[in-house]
Amino acid sequence: MNNLMYFTEKNDVDSCDHSLNDGLYEEIQIENKVDKTTDSCVEWQEPGTDFQNIHDTTLEHLSTNHNRPDQRFDIAEVDESQVDTKSENHSSSQLQSHSKFQTRERSYNSYLHIKTHTGETPFKCVSCGKAFELEIVLNRHIKIHTGEKPYKCPTCGKSFSHNSELSVHIRTHTDEKPFQCPTCGKSFLCKTRLEHHIRTHTGEKPFKCVTCGKLFNEKRYLQDHTRTHTGEKPYKCFTCGKAYARISNLCVHIRLHTGEKPYKCVTCGKAFNEKKNLQVHTRTHTGEKPYKCFTCGKAYARISNLRVHIRLHTGEKPYKCVTCGKAFNEKRNLQVHTRTHTGEKPYKCFTCGKAYACISYLRIHIRIHTGERAYNCVTCGEAFIWNRQLQRHIRTHNEKNPHNCVTCGEAFIWNRQLQRHIRTYTG
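Looking now at the overall build of the protein. When helices and strands are counted, the protein shows 14 helices and 24 strands. In the protein, which comprises 427 residues, the proportion classed as buried is 31%.

Structure (structure tokens):
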């Protein structure tokens, strides 16, 4: 047999996200591309690279983490017609097959290693053009575009694209966190998350952007960052066509179409489509404000609000109108301002049809229909629809009337009262 047909129980390997030398192999035909006498990489120029050690590590991992002894590898090396499954010769044949596998697996790992030098990626995605070294990795990637989720949680019914994702998810029901940090004792659902966490202690950032040199402690963060240079947005919504650079952003977007809100507040029951929104909401109950301004000490529940606040101190206004040049310290303020040029009013009242450029204006308008009076006077308890009405009312309780006539000195609560008074002198 000139080529090696290598089989693994893929789902067992996937279940922990552990990378077994890019161990997602399925019926891969291997050509002999290494020195048969040394199994050294012919590109690397360093003889004696021990690819057998990679194989041994793979077998040890499967045996330790998946209860898989070495013999559970199914190797298509033995002519089935010569194997008597009921005789002792069967065990001998399995042993011979396993020995052949160990020899040929070294060539297989050498073959994969050579690809790191050649950059060969023959398997290409027809949807986005991304290319991969292995067909099985391409098949996993394709599920991103098709939305296929064949692995279903028996507890809650949630579906996943990969078995490894399901295995980790199941632990959220069992509260199992078998991977513990030796430094701080924090536990994790899977080994990869522990490995990423450990780098927060060591400060290691092994993944470097070739464009700007920025370092990252996780490969996925580097991949996301790289797209800020390339502009690539490979994750596309099948409903509306909107594309994203991160698959997590696409998952959140899809919930706008499905209405799914999986994150629920245990205090008031309010549900959210993003975990971070639930975390921010929870602080309205706890009063927690973890993001503090180093200049004035003011604290916020959201880091985005702190960033905007800091611009009050720095005077930074990074959002500029392309029509008139006016600058703003918040992106949403620029968006509202832009509508003064375009005339766009996307926020419409379902009761009377009146439209507004800003959603806050619509919320205030709706109170006219509902009768809600959200602004209350702390002195007399009178309630008002608008805040400006409350501010005017508060002045009626103040001893001083702020608007004074320069001619006679008489004071008034409202400026319009003063202007009317002045006309009695001027005619």
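Having seen the model, we can carry on.
Relative to the helices and strands, H365 is located in helix α12 (residues 359-370). Among the polar contacts made by the side chain of H365, one reaches the side chain of Y356 at a distance of 2.9 Å. Excluding residues that lie within four positions of it along the chain, H365 makes contacts with C349, C352, K354 and Y356.

Moving on, we come to the state of the cysteines. Note on terminology: disulfide describes a covalent bond linking the sulfur atoms of two cysteines. This model, assessed by the stated rule, comprises 0 disulfides. A disulfide-free cysteine, C293 has its sulfur positioned 3.8 Å from the sulfur of C296, the nearest such atom. The closest cysteine sulfur to the non-disulfide-bonded C405 is located on C408, 3.7 Å from its own sulfur. For C405, a relative accessible area of 4% translates into the label buried.

Throughout the structure, instances matching the rule amount to 13 salt bridges. For R227, the salt bridge is made with D224, and the minimal N-O distance between the two is 3.2 Å. Pair noted here: R227 and D224 are both in helix α7 (residues 219-230), with a separation of 3 residues, about one helical turn. Relative accessible area serves as the criterion here: at 17%, D224 is assigned to the buried category. Notably, a salt bridge pairs D224 with R246, separated by 3.5 Å at the nearest N-O pair. Of this pair, D224 sits in helix α7 while R246 sits in the loop between β12 (243-244) and α8 (247-258), and the two are 22 residues apart along the sequence. The network of salt bridges with shared partners includes D224, R227, E232 and R246.

This part takes up unusual backbone geometry. Here the phi dihedral of D175 falls at roughly 65°; this positive angle occurs in a residue that is not glycine. By the secondary structure assignment, D175 is in the loop between α5 (163-174) and β7 (179-180).

For α5, which comprises 12 residues, the first-to-last C-alpha distance of 17 Å matches the rise-based estimate of 16 Å (1.5 Å per residue) to within 8%. By the burial criterion, the buried members of α5 are N163, S164, L166, S167, V168, H169 and R171. Positive backbone phi, at 65°, marks D175, one or two positions downstream of α5.

Further remarks concern the side chain of R171. The topology assignment puts R171 in helix α5. By relative accessible area, R171 is classed as buried at 14%. When residues no more than four places from it in sequence are discounted, the contact partners of R171 are E176, P178, F179, L189 and C190.

A few words now on the environment of K177. For K177, the position within the fold is in the loop between α5 and β7. The spatial distance from the C-alpha of K177 to the C-alpha of F188 is 4.8 Å, given a sequence separation of 11 residues. Setting aside its immediate chain neighbours within four residues, K177 contacts S187, F188 and L189.

What follows is about helix α4 (residues 135-146). Look at α4: 16 Å from first C-alpha to last across 12 residues, which is about the 16 Å you get at 1.5 Å a residue. Burial in α4 covers these residues: I136, L138, R140, H141, K143 and H145. Looking at the residues trailing α4, positive phi occurs at G147, about 75°.

Attention shifts here to a positive patch on the surface. A surface patch of like charges, here positive, comprises R388, R392, R395, R416, R420 and R423. Those elements giving two or more residues to the positive patch turn out to be α13 (387-394) and α14 (415-426). Among the elements that make up the positive patch, the one with the highest residue count is α14 (3 residues). Position of R423 among the secondary structure elements: in helix α14.

Turning next to the environment of K348. Considering the arrangement of structural elements, one finds K348 in strand β19 (residues 347-348). For K348, a relative accessible area of 53% translates into the label exposed. Once the C-alpha coordinates of K348 and L362 are considered, the two residues, 14 residues apart in sequence, prove to be 7.1 Å apart. If sequence neighbours within four positions are ignored, K348 has contacts with G353, K354, A355 and L362.

Rules used throughout
Residues numbered from 1 in each chain as written. Predicted model: local features only at pLDDT ≥ 70, side-chain atom pairs only at ≥ 80, totals over all residues. Heavy atoms only, no water. Helix = DSSP H or I, 4+ residues; strand = E, 2+ residues; numbered from the N terminus. Buried < 20%, exposed > 50% of the residue type's maximum accessible area, 1.4 Å probe, protein only. Polar contact = N/O pair within 3.5 Å; in protein donor to acceptor, adjacent residues only side chain to side chain. Contact = heavy atoms within 4.5 Å. Disulfide = S-S within 2.5 Å. Salt bridge = Lys/Arg side-chain N within 4 Å of Asp/Glu carboxyl O. Expected span 1.5 Å × (residues − 1). Patch = residues over 30% accessible without salt bridge, like charges linked within 9 Å, V, L, I, M, F, W, Y side chains within 5 Å. Areas by Shrake-Rupley, 256 points an atom, 1.4 Å probe, with all protein chains shown as cover. Lys, Arg positive; Asp, Glu negative; His and termini not counted. Charge placed at Lys NZ, Arg CZ, Asp CG, Glu CD.

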